[in-house]
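What follows is the residue order along each chain.
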Amino acid sequence: MGGLTHLIVFVSMFAAITLISEAQYLIPVTKDEPTKQFYTTVNIGAGGMSSPVNLLLDLGTNLTWLNCRKIRLLSSLHAVSCKSSTCKSIPGNGCDVTNTCLYTQPRPLGKNTAVATGRVVQDNATIFTTQSGKPISIAPSRRFTFSCAVEKYLQGMAPRIAGVVALSPGEFPFWREIASAYNIIPKFALCLPSSGRGLGYFYIGTHSFGGSNPVPMTLTPLKIDSGKYLVSVTSIYVDGVSLTLDPSLLEGGAQLSTVVPYTVLQTDIYNALAQSFMLKAKKIGMSETTGHAPFKHCFEEGASAKNMDVSVMEIGLPGNGREVKWRFQGANMVERVSETVICLAFVDGGNKPNESMVIGTHQLQNYLIEFDLSTTRMAFSDPLVLHNIGCSK
């Protein structure tokens, strides 16, 4: 845990809540290469009978849920009653015939109609920080709240993953339970690794990425809508030239996702980006080849050299009275599918998707992204490759 240098006090009409602004917890993040899924480990249960479970990171899930058969000591679970204040504050709650609270939420990897339903329970839970290796309790003053979902809801997840850890802006996400337990300012940061060979970073509370040479961060307002994190988009550039787009396509902003592997764009946005990308690729001697699902535009690299820096894409965002640009380049723009073929690493989401833009994990890799719920702002770094560092340790 980082040093504690000052306190900030928020006062309501009921009580004063002291938040430790400099507290920090650093939890490892692992990438499963075959599925391109990112997960962390939570130990559930009491003492020596706790069970480590790997949970998929999901910015869109409101309550952590998992296959409780992975827990060694099921008798330590405490069912949450329908009449409890805990149950009533959980979105998507319901009741079974035994008056036990139920939780229902769309599965992050399933179709829109597929939902995960299970009993809401509580148990002791701990995490291990990468700084000290010592366990800390997730909720020392109260038990960790989650839902027991049946194994069929894990379909599509990597074999080593046993459920989903909630990172939404709701009442019971994983990060908020730790922040509430230790009076930390409600914010967290992610640094997703580009490979499974090293561990990424998941900060709860203040981050100290970069040590004595901190990486510059750019601020933009964070929008919270229906349990989603979104940022307003003012324009999209490729190699410094603004794409010609119907302004209405950008009105909904861009959703941030830790479960969508590649950024999904409404068809008109995708086509404008792809056309610009193709022109640049051909200028440097690359020839278009057949697509490789889920990608539509792929290119055979020329004999001269492998060139990942085909184009630079920038998303214009509002920031402190002016437009700021979130830059994607090189490996964040393309995916290598063979020794000689690279593809534009964006997906055509159709003409009428729910969101015009959903920024996926391939584009988020090797960036530091901070979600500050105390100020409702997001901070993002430059591409870390520009600083000769990355998210893997």
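Refer to the preceding data block for the structure.
The structure contained in this document is the topic of the report that follows. (Residues numbered from 1 in each chain as written. Predicted model: local features only at pLDDT ≥ 70, side-chain atom pairs only at ≥ 80, totals over all residues. Heavy atoms only, no water.)

Quick look at the sheet that holds strand 22 (residues 254-256)
To keep it simple, the criterion reads: For two strands to pair, DSSP has to find at least two bridges joining them. Numbering of helices and strands runs from the N terminus; a helix is a DSSP stretch of H or I covering at least four residues, while a strand is a stretch of E covering at least two. Between N-to-C directions, angles cover 0 to 180 degrees, with each direction set by a line fitted to C-alpha atoms, over the stretch in contact for helices. Only heavy atoms matter for contacts: two residues are in contact if any of them lie within 4.5 Å across the pair.
Here 6 strands make up an open sheet; going across it, the order is 18-19-22-31-23-30 and the pairing mixed. Looking at strand neighbours, the two that pair on one side only are strand 18 (223-225) and strand 30 (346-348), the edges of this open sheet. Between one strand and the next, the sheet's axes are offset by a mean angle of 30 degrees, whatever the strand orientation. Bridge analysis of strand 19 (residues 228-231) against strand 22 gives 2 bridges, and the strand direction is antiparallel. If you follow Val-231 over to strand 22, its bridge partner there is Ala-254. Contacting strand 23 (263-265), strand 30 and strand 31 (357-359), helix 3 (residues 267-283) runs over the sheet at an angle of about 135 degrees to strand 30.

Thoughts on the packing of aromatic side chains
Heads up, the condition is: Centres within 6.5 Å are what make two rings of Phe, Tyr or Trp a pair, Trp counting through its six-membered ring; a difference in plane orientation under 30 degrees is then read as stacked, over 60 as edge-to-face, and the rest as tilted. Exposure classes here rest on a 1.4 Å probe applied to the protein chains alone. A residue is buried below 20% of its type maximum, exposed above 50%, and partly exposed in between. Whether a charge sits over a ring comes down to the Lys NZ or Arg CZ being within 6 Å of the ring centre and within 35 degrees of the ring normal.
Counted under the stated rule, the structure contains 16 aromatic pairs. Taking 6.3 Å as the distance between ring centres and 80 degrees as the angle between the ring planes, the aromatic pair formed by Phe-144 and Phe-174 counts as edge-to-face. Here Phe-144 is found in strand 13 (residues 144-149), whereas its partner Phe-174 is found in helix 2 (residues 174-181), with 30 residues between them in sequence. We classify Phe-144 as buried; its relative accessible area is 1%. With a centroid separation of 5.9 Å and 40 degrees between ring planes, the pair formed by Phe-174 and Phe-202 is classed as tilted. Placement of Phe-174 in helix 2 and of Phe-202 in strand 16 (residues 200-205) is noted, with a sequence separation of 28 residues between them. In this structure, Lys-325 is placed above the aromatic ring of Tyr-237, and the distance from its NZ or CZ to the ring centre is 4.0 Å.

A look at the pattern of salt bridges
Close approach of charged atoms allows side chains of opposite charge to pair. Keep this limit in mind: Each salt bridge in this description consists of a side-chain nitrogen of Lys or Arg and a carboxyl oxygen of Asp or Glu lying within 4 Å of one another.
Tallied over the entire structure, the rule returns 6 salt bridges. Of the charged contacts, one joins Asp-32 and Arg-160 as a salt bridge, the two residues approaching to 3.4 Å between their closest N and O atoms. Taken together, the positions of Asp-32 in strand 3 (residues 24-32) and Arg-160 in the loop between strand 13 and strand 14 (163-166) put the pair 128 residues apart, joining distant regions of the chain. Exposure remark for Asp-32: the relative accessible area of 5% places this residue in the buried category. Take Arg-160: its relative accessible area is 47%, and that puts it in the partly exposed class. As a salt-bridge pair, Asp-348 and Lys-296 come within 3.0 Å of each other at their nearest N and O atoms. Of this pair, Asp-348 sits in strand 30 while Lys-296 sits in the loop between strand 24 (287-289) and strand 25 (298-300), and the two are 52 residues apart along the sequence. We classify Asp-348 as partly exposed; its relative accessible area is 22%. A relative accessible area of 43% places Lys-296 in the partly exposed class.

Here's the deal with the nonpolar core
Our working definition: The term nonpolar core refers to a set of buried residues drawn from Ala, Val, Leu, Ile, Met, Phe, Trp, Tyr and Cys, joined through side-chain atoms within 4.5 Å.
Membership of the largest hydrophobic core comes to 79 residues, with the highest contact counts inside it found for Phe-146, Phe-174, Phe-202, Trp-326 and Phe-371. Of the residues forming this core, the biggest block, 8 residues, is contributed by helix 3. Beyond its immediate chain neighbours, meaning those up to four positions away, Phe-146 contacts Ile-44, Leu-63, Thr-64, Leu-66, Cys-68, Ile-71, Leu-77, Arg-119, Val-120, Val-121, Gln-122 and Asp-123. Cys-101, Ala-116, Ala-158 and Val-259 belong to the second largest nonpolar core, which has 20 residues in total.

Let's talk about the pairing of strand 33 (residues 377-381)
Summarising burial for strand 33: 4 of the 5 residues are buried, a large majority. Two elements, strand 17 (residues 217-221) and strand 33, share 5 bridges in a ladder whose sense is antiparallel. In the sheet register, Thr-220 faces strand 33, and the bridge partner there is Met-378. Inspection of the sheet shows strand 32 (residues 369-372) paired to strand 33 by 4 bridges, in the antiparallel sense. The residue bridging Ile-369 from the neighbouring strand is Phe-380, located in strand 33. Hairpin geometry of strand 32 and strand 33 is characterised by an intervening segment of 4 residues between the two adjacent antiparallel strands and by a positive phi of about 55 degrees at Thr-376.

Observations concerning the state of the cysteines
A covalent bond bridging the sulfur atoms of two cysteines is what the word disulfide describes. Keep this limit in mind: Sulfur atoms of two cysteines make up a disulfide when they are within 2.5 Å.
Tallied over the full model, the rule gives 5 disulfides. The disulfide partner of Cys-68 is Cys-148, and the gap between their sulfur atoms is 1.9 Å. In this structure the cystine formed by Cys-68 and Cys-148 twists about its S-S bond by roughly -90 degrees; its chirality is therefore left-handed. Taken as a pair, Cys-68 in the loop between strand 6 (65-66) and strand 7 (78-79) and Cys-148 in strand 13 lie far apart in primary sequence, 80 residues in all. No difference in accessibility class separates Cys-68 from Cys-148, as the two residues are buried.

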